[in-house]
Each structure stands twice: as structure tokens, then as C-alpha cells.
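Fold and geometry: a report
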Amino acid sequence: MSAEPSLERYVRQIRYARWGDEGQRALAASAALVCGCGALGSMTANTLVRAGVGRVRIVDRDFVEISNLQRQVLFDEDDVARQLPKAVAAAEKLRRINSQVRVEAVVADVDHGNLEELCRDVQVIVDGTDNFEIRFLINDVSIKHGIPWVYGGCLGAEGQTMTILPGETACLRCLMHDCPPPGTLPTCDTAGILAPIVGLIASIEAMEALKILSGHRSSVSRGLTVIDLWQNQSRQINLGSLREQVDCPCCKRREFSWLSGKQGSRSAVLCGRNAVQLSPPAGAVSLDDLAAKLQGIGPLTRNPFLLRLTVEDFELTVFADGRAIIGGTSEVAVARSVYAKYIGH
Ligand SMILES: [Zn+2]
């Protein structure tokens, strides 16, 4: 091996001509935020740390559960038994994999109050979240501060990903004007998820992040990639002219309504009830559709005004106006997590 000792572990990627010593040095001086450390987040964090990104900050609000292990590659049964927060369990493992990388674990619920601080001094944000509300928030921060981000999402055997370079490419709001109403999209907990699609989308996200951090922005994808591994289909949707065509409130008019807190769910801890009320931004839900989606998940009751699901240790009560009360916790982060899992954004 001719590489100097500290670079020896990277010798195979340095040999890739387009990468080289220069790419490796740029990477070592860079930092990434991995926002959400479930399936996509743990796989992308794994790749970024092994590749030698200088600093990797991981933020997540959840704890490791046994049903995560099928696809969330950084966790094991021991983490479940220890009830470790995902950010902490991931960081522990990643530091053992590559002690040269500074891995920071942040156990927090990402919201408009803390995301700007979490993005301080990073050059890319990688999406490992499970809901659009946080993605719209990331999109606002990205455009406001000029930090590229890589969107990724998976469900069933299908996934999609897109890279946003502020000022250069279309942003998420050019593509989707508003957050989908609650309950209209399936979630991993209602529709299931197969691990191979996560591996594929996470690999694309990681590759895009590595291109950005190593100084190869010109090689970044300019489209939306959609892949269905069950149907054996993949599509690349060219978004080249979208930014010019759309009067985007975010990247054209620079209105950061999610980051300012004007849009986004409001939450309140219901004192003395061990419950949290969440008021999602998008309003009314169809209780019929929601009831159909949640069939078989757990005991379900409903009347014309509300629907109630008992699942895990929680009682979710969803009202027709989209409001939900999550019983069984007095922590907003836990309530949001339960809401995202079963109702979705
Ligand atoms: Zn835009």
C-alpha cells in the first residue's frame, strides 16, 4: 500500500480516477447532517462515515425497536434491549467503524426551532426522515442558507430520491406545492417496507452527498429518480426546466413559511392526561379512508366524529379536522413519532 497510513482505509475509493486524493481531502474537511436515523438514515450514515466525511451529525427522535432490525442496518438486538435512542446507538457503532470521523449524536425532535442550529457548519443535509412536514422544513433551511440537500423516501418496494442544489436545481416545493394532507399517504407501518429498496435509495442518497462534499457538484443528478424493485421499473424524471416554470414560494419568492413556524403542526401537552394533542397543518382527513388503511393494525373504533386506534402502548384518537390526541405519553416527540407512523404526513 502506497497511501499514507491515515488514508490507507480509503485506498480503493482514492483509486477511482474521478475521486482521487483531492476528493478524499475535500471529504475529510466536510460535514454532513443526517436528518432522521431510521432505515435510510442509518444506511447513508454508514456509507458517509466509512467513506471518511470529516464530521457526521445524526439527529433522531426515536428509540430502537425490534421491528427496526429488518432494515435499519446499524442496529442490533442489544440496542433494543438497552432501549437506546437511535442517534446514540448509531453513533456508538459508527465510531467503532471509523474513529477518524467525528460522529455527533443529537437526540431531538427536528422542528422549526432547532433545525437551523442543527445545520450549522454542514455542507449537505441527507434526508432520513419519514414525513413531508420535516422535509418541507429541511427544504426551507436548505434554500435560505444555500445548503444542498438530498431527498429520499421509500415505501413497500418503491422509493424515490432527488437532490436539491439551492439556486441551481428545482426544490421540493417546486415539485410539490404543499404537504400532502395527513392520512392520505401510506406509511411504513401501514403499507410495509422491504429492505432492498431502502438500500438502493440510501446508496443513491449517499453517492449524491459524497459528490457534493468531495467537490463534484456537476455530477449531481438533475432529476427525480423513482424505482420500484417489485415491478422491476425505474424512471428518471428530468426536472431541468421545472424551476423556471414554477413560481415557487420557497426558492423563487423566498418565503420560508415552514421554517418561520407559520406552517407546520402545532402541538400541546395535555396536562394531567398523559396525552399530547397534535394539530397537523393540512387539515381535514377522511375517517373512512383512514379506517380502511388502519384495518388490522390494532383494535379500532370509530364514530362520525373520530377514530380511535389502540396500538403499542398508545391510544390514537384522530378527529375529522385532522387533529389527533395521542394518549400514553406526555412527550411531544413521542406523540409526533406515533402520529407519523400510523397516520403519516
Ligand atoms: Zn422551488
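Preceding this section is the structure that the text describes.
Read on for a plain summary of the structure. Not measured: the values here are computed from a predicted model. Think of each chain on its own: its residues are numbered from 1, step by step along the sequence as written. For this predicted model, a pLDDT threshold of at least 70 governs which residues receive local features, and a threshold of 80 or more governs which side-chain atom pairs are given and counted, while totals over whole chains, interfaces and linings are taken from all residues. For the side-chain quantities, the full set of heavy atoms in the structure was used; hydrogens and water were omitted.

**Describing the overall build of the chain**
The line we're drawing: Starting at the N terminus, helices and strands are each numbered in turn, a helix being any DSSP run of H or I of at least four residues and a strand any DSSP run of E of at least two. For this measure, only C-alpha atoms enter the radius of gyration; the expected value for a globule follows 2.2 Å times N^0.38, where N is the number of residues. Classification of residues uses two cut-offs on accessible area relative to the type maximum, computed with a 1.4 Å probe and protein chains only: under 20% is buried, over 50% is exposed, and between them is partly exposed. Any two residues having at least one pair of non-hydrogen atoms within 4.5 Å are treated as being in contact. Each accessible area is a Shrake-Rupley estimate made with a 1.4 Å probe; only the visible protein chains count as cover when residues are assessed.
Secondary structure summary: the chain contains 13 helices and 14 strands in total. In terms of overall size, the chain behaves like a compact globule, its C-alpha atoms giving a radius of gyration of 20 Å where 345 residues would be expected to give roughly 20 Å. Judged by the C-alpha coordinates and their principal axes, the chain covers about 70 × 50 × 40 Å. For the chain, buried positions account for 55% of its 345 residues. Contacts in the chain between residues far apart in sequence, at least 24 positions, make up 64% of those at least 6 positions apart. When the accessible surface of the chain is totalled, it reaches about 15,300 Å², and 50% of it is carbon and sulfur.

**Some thoughts on helix α7 (residues 132-145)**
Counting along an α-helix, one turn takes 3.6 residues, and residues three or four places apart therefore face a common direction. Rule in force here: For a helix, the expected span equals 1.5 Å multiplied by the residue count minus one. Counting of polar contacts relies on pairs of N or O atoms within 3.5 Å, with two restrictions inside protein: one atom must be capable of donating a hydrogen and the other of accepting it, and residues adjacent in sequence are counted only when both atoms are side-chain atoms.
Taking 1.5 Å of rise per residue, the 14 residues of α7 would be expected to cover 20 Å, and the 20 Å separating its terminal C-alpha atoms lies within 8% of that figure. Taking burial as the measure, the 14 residues of α7 include 12 buried ones, the bulk of the element. Restricting attention to buried positions, one finds in α7 the residues F132, E133, I134, R135, F136, L137, I138, N139, D140, V141, S142 and I143. On its buried face, α7 is in contact with β1 (31-35), α6 (115-118), β4 (124-127), β5 (149-155), β6 (158-164) and α8 (172-175). Where α7 begins, one side-chain oxygen reaches toward the backbone nitrogen of E133, 3.2 Å away; that side chain belongs to N131. One or two residues past the end of α7 sits G146, with phi positive at roughly 70°.

**Regarding the coordination of the zinc ion**
To be explicit about the condition: Here the coordinating atoms are restricted to nitrogen, oxygen and sulfur within 2.8 Å of the metal centre, or 3.2 Å for Na, K and Ca, and because water is not among them the sites may look incomplete. Irregular is the default label, applied whenever a site is not tetrahedral (four donors, all angles between 85 and 135 degrees) and neither square planar nor octahedral (four or six donors, opposite donors over 155 degrees apart, all other angles between 65 and 115).
Protein ligation of the zinc ion involves C171 (SG), C174 (SG), C248 (SG) and C251 (SG), the donor distances falling in the range 2.3 to 2.4 Å. Note that the zinc ion binds four donor atoms; their angles at the metal cover 97 to 122°, and the shape is tetrahedral. Counting residues between consecutive donors of the zinc ion along the chain gives the motif C-x2-C-x73-C-x2-C. For C251, a relative accessible area of 9% corresponds to the buried category.

**Details of the sheet that holds strand β13 (residues 314-319)**
Within a sheet, neighbouring strands are paired by backbone hydrogen bonds and run either parallel or antiparallel to one another. Using the following cut-off: At least two DSSP bridges between two strands are needed for those strands to be called paired. To obtain an axis, a line is fitted to C-alpha atoms, over the contacting stretch when the element is a helix, and the angle between two such axes runs from 0 to 180 degrees between their N-to-C directions.
Overall, antiparallel pairing links the six strands, which are arranged β9-β10-β14-β13-β12-β11 in an open sheet. With partners counted over all chains shown, the strands left at the sheet margins are β9 (266-270) and β11 (300-302), one partner each. Mean inter-strand twist for the sheet, computed between neighbouring axes without regard to direction, equals 15°. When β13 meets strand β14 (residues 324-327), the two strands line up antiparallel, connected through four bridges. When the bridges of β14 are listed, E315 appears paired with G327.

**Topic: the environment of A170**
Here A170 shows up in the loop between β6 and α8. On the basis of relative accessibility, which here comes to 3%, the residue A170 falls in the buried class. Along the backbone, A170 and Q160 are 10 residues apart, and their C-alpha atoms lie at a distance of 15 Å. Excluding its chain neighbours within four sequence positions, the residues that come into contact with A170 are M162, I164, L239, L242 and R243.

**Side note on the side chain of S142**
Tracing the sequence through the fold places S142 in helix α7. Under the relative-accessibility criterion, S142 is labelled buried at 0%. Every residue in contact with S142, bar those within four places of it in the chain, is listed here: I147, P148, W149, I164 and P166.

**Digging into the pairing of strand β10 (residues 275-279)**
Taking burial as the measure, the five residues of β10 include five buried ones, the bulk of the element. The side-chain alternation of β10 yields two buried faces, one formed by A275, Q277 and S279 and the other by V276 and L278. Bridge analysis of β9 against β10 gives five bridges, and the strand direction is antiparallel. Within β10, the position partnered with A268 by the bridge is Q277.

**Comments concerning helix α12 (residues 287-294)**
To keep it simple, the criterion reads: Read the arc as the range of directions from the helix axis to the C-beta atoms.
Of the positions making up α12, those classed as buried are L287, L290, A291, K293 and L294. Along α12, the residues classed as buried sweep out an arc of 165° about the axis, all on the same side. Summarising the geometry of α12, the exposed residues directed more than 90 degrees from the buried face are D288, D289 and A292. Considering only its buried residues, α12 is in contact with α9 (188-191), β11, β12 (306-311), β13 and α13 (332-342). With its phi angle positive at about 90°, G296 sits one or two positions after the end of α12.

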